[in-house]
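The primary structure of each chain is shown beneath.
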Amino acid sequence: MNDISCEEKIEEVIKEEKKIENLLKEEKKILRWPLVERFEHHTLILLTFVFIVTGLPILKIEWFSWLITPPNTIVTTHDAVDLFRLIHKAAAGIFVIMAIFHMSYHTLAVRRTRIKITSKDLTDTISLFKYYLGLTRDKPKLGFHNPTEKILVYWLMAVWFMAFMGVSGFVLMFPSYFSIWIHEWALVIHDVFFYLIVFMLIAHFYMTVLYKEYRPLLEGIFTTGLISPKFVREHHPLWYEEVKEKE
Ligand code: HEM
Ligand code: HEM
């Protein structure tokens, strides 16, 4: 008699577990990046690609002439470099329009932004580094953003590095308005920040594509904007609580 009730209890527990499992599977995916922000990210990728491809032959034609001189070209290398300069400047124009749009959207749109850096972001960044270096087993409880992405990718790469590129690029674009030493400094700044951006991009690519743990985020930025609730529960528990409170 006792044995039967024990088996029944085990069956009940298994059934209950399956129920929970199914409920979790059915749980709706969570919107991480709305269409506007996905579109901004796609445009950033395209513009950065154009900046790099058109910038390299201007930087060192001896190494990168192959980028602009296909075997059967009908234009001279000189004309082609000029064309690349023009495309580079056009991309800069689009970038400035995008920056204005981005600021207006986030100040005027209803959605509140969490992009300001707080003291929690700094302590979480230190804890994350410690965690990934194996110095601690405690992972910080994160909100919407991963603080390292927020600080290094958003503020440093997409805002500050691009601002330095924009200001120095503006000087390079209108040399006659500036003295020679300002022009020379602008060129140094444009070159140095170019390398920094490329370095940061490699790190960003590693964290989002090559590092397996964060790959589910690709779906959020490149497809529907939705990501799995399981990922959110495990990696962004404070944001998960926020989402559940709103539901
Ligand atoms: C090489 C191709 C790229 C890939 C595969 C990629 C991938 C991603 C992914 C998966 C996210 C979402 C992270 C999350 O949900 O927390 C993201 C966010 C972001 N990416 Fe990229 N990205 C690329 C290029 C770029 C470029 C060129 C820029 C800017 C110059 C950029 C700037 C950003 C910014 C600012 C964010 C938001 C970070 C945050 O606020 O937390 N990305 N990217
Ligand atoms: C956002 C605004 C930007 C503006 C206004 C701008 C403008 C310019 C201008 C006017 C030049 C000089 C072209 C010439 O010699 O006639 C230049 C060169 C260059 N740009 Fe940009 N640029 C911008 C962003 C970028 C970005 C984001 C990158 C790469 C990530 C980049 C990479 C380069 C490179 C590698 C050169 C060649 C520098 C050299 O000759 O040493 N630029 N840019």
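Residues numbered from 1 in each chain as written. Chains lettered and ligands numbered in written order. Predicted model: local features only at pLDDT ≥ 70, side-chain atom pairs only at ≥ 80, totals over all residues.

Further remarks concern the overall build of the protein chain. When its secondary structure is counted, the protein chain shows 10 helices and two strands. Scaling as 2.2 N^0.38, a compact globule of 247 residues should have a C-alpha radius of gyration of about 18 Å, whereas the protein chain reaches 25 Å, well beyond that. Projected onto the principal axes, the alpha-carbon positions of the protein chain cover approximately 95 × 45 × 40 Å. For the protein chain, contacts bridging at least 24 residues in sequence account for 60% of all contacts bridging at least 6. (Helix = DSSP H or I, 4+ residues; strand = E, 2+ residues; numbered from the N terminus. Rg over C-alpha atoms; globule rule 2.2 N^0.38 Å. Contact = placed C-beta atoms within 7 Å.)

Turning to the site of ligand 1, a few remarks are in order. Residues in close proximity to ligand 1 total 22 residues, the closest being Thr 48, Glu 149, Ala 158, Thr 208 and Leu 217. Those elements that provide at least two residues to the shell around ligand 1 are helix H2 (35-59), helix H6 (147-173), helix H7 (180-210) and helix H8 (216-222). If one sorts the elements of the shell around ligand 1 by residue count, H6 sits on top with six residues. Of the residues contributing to the shell around ligand 1, the split by class is 12 nonpolar, seven polar and three charged. (Near = placed C-beta within 6 Å. Nonpolar A, V, L, I, M, F, W, Y, C, P; charged D, E, K, R; others polar.)

The next point concerns the confidence of the model for the protein chain. Here the protein chain shows a mean pLDDT of 90. Residues at 70 or above account for 92%. Of all secondary-structure elements in the protein chain, the lowest mean pLDDT belongs to helix H1 (residues 2-26), at 76, while H7 reaches the highest, 97. (pLDDT = per-residue confidence, 0-100.)

Next up on the list: the site of ligand 2. Around ligand 2, the structure places 24 residues, and the nearest of them are Phe 51, Gly 55, Ala 92, Gly 169 and Leu 172. Across the shell around ligand 2, the residue classes tally to 15 nonpolar, six polar and three charged.

Moving on, we get to the nonpolar core. Grouped together as the largest cluster of nonpolar side chains are six residues: Met 157, Ala 158, Met 162, Met 165, Phe 193 and Ile 197. Every element with two or more residues in this core is listed here: H6 and H7. With four residues, H6 is the single largest residue contributor to this core. Among residues more than four places away in sequence, those in contact with Ala 158 are Leu 44 and Val 153. Residues Ile 30, Ile 227, Val 232 and Tyr 240 belong to the second largest nonpolar core, which totals five residues. (Core = buried A, V, L, I, M, F, W, Y, C linked by C-beta atoms within 7 Å. Buried ≥ 20, exposed ≤ 12 C-beta atoms within 10 Å, placed from the backbone.)

Right, let's talk about H6 for a bit. Residues lying three or four places apart along an α-helix face the same way, a consequence of the helix completing one turn every 3.6 residues. By the largest-angle criterion, Leu 156 marks the main kink of H6, which is about 40 degrees. Residues of H6 that are buried include every one of Pro 147, Lys 150, Met 157, Ala 158, Met 162, Met 165, Ser 168 and Gly 169, and no others. (Bend = angle between axes of the 7 residues up to and from the residue.)

This paragraph deals with the environment of Leu 142. Along the chain, the position of Leu 142 falls in the loop between helix H5 (119-132) and H6. Expressed as a C-alpha distance, the spacing of Leu 142 and Leu 59, which sit 83 residues apart in the sequence, is 41 Å. Ignoring anything within four residues of it in the chain, the contact list for Leu 142 reads Asp 124, His 235, His 236, Pro 237 and Leu 238.

Packed helices, taken two at a time, are described by the angle between their axes plus the distance between the axes. Look at H6 against H7: their axes get within 8 Å of each other, and the N-to-C directions meet at 155 degrees. Classified by the angle between their axes, H6 and H7 sit roughly antiparallel to one another. With respect to the hand of their crossing, H6 and H7 are arranged in left-handed fashion. Across from Leu 152, Val 153, Leu 156, Met 157, Phe 161, Phe 164, Met 165, Ser 168, Gly 169, Val 171 and Leu 172 in H6, the residues of H7 making contact are Ile 182, His 183, Ala 186, Leu 187, Ile 189, His 190, Phe 193, Leu 196, Ile 197, Met 200 and His 204. By residue class, the composition of the contact of H6 with H7 is 17 nonpolar, five polar and no charged. (Axes fitted to C-alpha atoms, helices over the stretch in contact; angles between N-to-C directions. Parallel < 35°, antiparallel > 145°, perpendicular 65-115°, else oblique. Left-handed = near helix turned anticlockwise from the far one by under 90°.)

Across the interface, H5 lies against H6 with an axial gap of 8 Å and an inter-helix angle of 105 degrees. Relative to H6, H5 is oriented roughly perpendicular. Residues Asp 121, Asp 124, Thr 125 and Leu 128 of H5 form the contact with H6, whose participating residues are Pro 147, Thr 148, Lys 150 and Ile 151. For the contact of H5 with H6, a count of residues per class yields three nonpolar, two polar and three charged.

It is worth spelling out the environment of Trp 33 at this point. Within the secondary structure, Trp 33 is located in the loop between strand S1 (30-31) and H2. Taking the C-alpha atoms as reference, Trp 33 lies 7.2 Å from Leu 226; in sequence the two are 193 residues apart. Those residues in contact with Trp 33, other than ones at most four positions away along the chain, are Arg 38, Gly 220, Ile 221 and Gly 225.

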